[in-house]
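# Overview (structure and organization)
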Amino acid sequence: MATTEIPTGTAPEAAAAAPSPVPEAVATARAAFDRGVTRPIAWRRAQLEALLTLLEEGEDRLLAALATDVGKPRLEGWTTDLGVTASEVALLAKNVGKWAKPRRAGLPLTAMPGKARIQPEPLGTVLIIAPWNYPVQLLLEPLAAALAAGNACVVKPSELAPATSAVLTDLLRTHLDDAVQVVEGGPEVATELLEQRWDHIFFTGSTRIGRVVAEAAAKHLTPVTLELGGKSPAIVHKSANLEVAARRIAWGKFLNAGQTCIAPDYVLVDESVQDELVDHIRTAVADFYGEVPKTSEDYARIVNARHFDRLSGLLADGGTPAVGGQTDADERYIAPTVLVDVPDDATIMEEEIFGPLLPVLPITSVADAIDRVNARPKPLALYVFAADDDAVDAVLERTSSGGVCVNHTLVHITPPELPFGGVGDSGQGRYHGQSGFDTFSNLKSVLRKPSRPDPALMYPPYTDTKEKIIRKAI
């Protein structure tokens, strides 16, 4: 998942007052890998089980920290940050032994006799930079995949979720081996980390900062996984169940106050049912959060004043509020808001919103929706609501996105068999389940051949007879 940007860190003079923790953390993790500590399956499984213990024993502290940092309701924090993470870690712990085994591969006639295998091996020492919007899930899930693959890790929690960062740092240092190092800090620490040589970098954040990460990685030819974001559309066909579509769009959009990289960023709805859809979203918001969402214990807050001001600017320039529109800077509160009559050149339609503002735009046809989606960079997620299978198939066939969910939002990221990631500006690389294990592994090709027989067919001197045989064999 992606956030809009890497936030401001500590003041430069404060950072200069203390020695950097980066060199020691990198050296410690790399030394552990070089000693072979991380390779045994028993070690990997023990670290994964320690993560499960961490989540269980640290639950109350983590949920309190999430409430402090981003105002997350307890159940929302457990579901989206702790519960889903525990399920992923448990899956990795269960399957690590199987996934780490050599995988059989077939051989063509020209390579026979012999045996071919794909041997997963650890990449080495990896860097994981996590965002603030789901600060537990988006640090621990990639960490678990990296550990399952047998790597040493340096992880950086987000400084924009300082309470959660502090708790995670304490828990990780208490429960895990020193092959896992935690480094806290702001952009200056992230910059220093990116200057190091890594065997893999896993970054979750904005497309803008993703380019910075990719550029830094390129200096060492370091492979990267970039989980970014973008403007994920929801297309609502006139055949859709509008009441259900509205409820699911409202849930996906206003969860975590819209601070979710795969949240529906805008809605394209058939013009004949636009007003009805907006009415149903209004009803859903009231059902979820009451007539005054500000007083609801189930509605989160904007992470800080800077993001509040950014969103307030988008709201002022982004059309007419048909639902919500209220703000309170002291509480960093922005109401669940639906915007209509949004100008084509409004800033809110140019950048990822990453907040509880939902533009609803009319379309004349499925083809119109497809053209509008394809006019933008490829999104991380795409949602289509329709009972008409032809409409769904047209969207699936003629658009490209990291993932698609039909007749719902967000839930396509939960099945571990579905790799999660972006395409184009919305990211590169995949994780979850075995795809996460493979992301942090070198899938090394190994071919074993006996010394005999050793036919001269492939060796010089080349003859017409040899050529005829080889051409038929290949």
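Here we summarise the structure given alongside this text. Values in this document were obtained by computation on a predicted structure and should not be read as measured data. (Residues numbered from 1 in each chain as written. Predicted model: local features only at pLDDT ≥ 70, side-chain atom pairs only at ≥ 80, totals over all residues. Heavy atoms only, no water.)

## A closer look at the pattern of salt bridges
Tallying each qualifying case throughout the model produces 16 salt bridges. Residue Glu121 is joined to Lys444 by a salt bridge in which the shortest nitrogen-to-oxygen separation is 2.8 Å. Highlighted residues: Glu121 in strand S2 (residues 115-122) and Lys444 in strand S18 (residues 441-448), separated in sequence by 323 residues. Ionic pairing is found between Asp368 and Arg372, a salt bridge with its closest N-O pair at 3.3 Å. Of this pair, Asp368 and Arg372 are both found in helix H13 (residues 366-374), 4 residues apart, which corresponds to roughly one turn of the helix. Assessed through its relative accessible area of 32%, Arg372 is described here as partly exposed. Within this structure, Glu59, Asp60 and Arg74 form a network of salt bridges that share partners. (Salt bridge = Lys/Arg side-chain N within 4 Å of Asp/Glu carboxyl O. Helix = DSSP H or I, 4+ residues; strand = E, 2+ residues; numbered from the N terminus. Buried < 20%, exposed > 50% of the residue type's maximum accessible area, 1.4 Å probe, protein only.)

## As for the environment of Ser165
Structurally, the position occupied by Ser165 is in helix H7 (residues 162-175). Setting aside chain neighbours within four positions, we find Ser165 in contact with Pro157, Ser158 and Glu184. A polar contact is formed between the side chain of Ser165 and the side chain of Glu184, at a distance of 2.6 Å. (Contact = heavy atoms within 4.5 Å. Polar contact = N/O pair within 3.5 Å; in protein donor to acceptor, adjacent residues only side chain to side chain.)

## Thoughts on the nonpolar core
Within the largest apolar cluster, 143 residues are counted, with the highest numbers of intra-cluster contacts made by Leu51, Leu140, Leu143 and Leu172. In this structure Leu140 touches Leu51, Leu54, Leu55, Thr85, Leu168 and Leu172, once residues within four positions along its chain are discounted. (Core = buried A, V, L, I, M, F, W, Y, C linked by side-chain atoms within 4.5 Å.)

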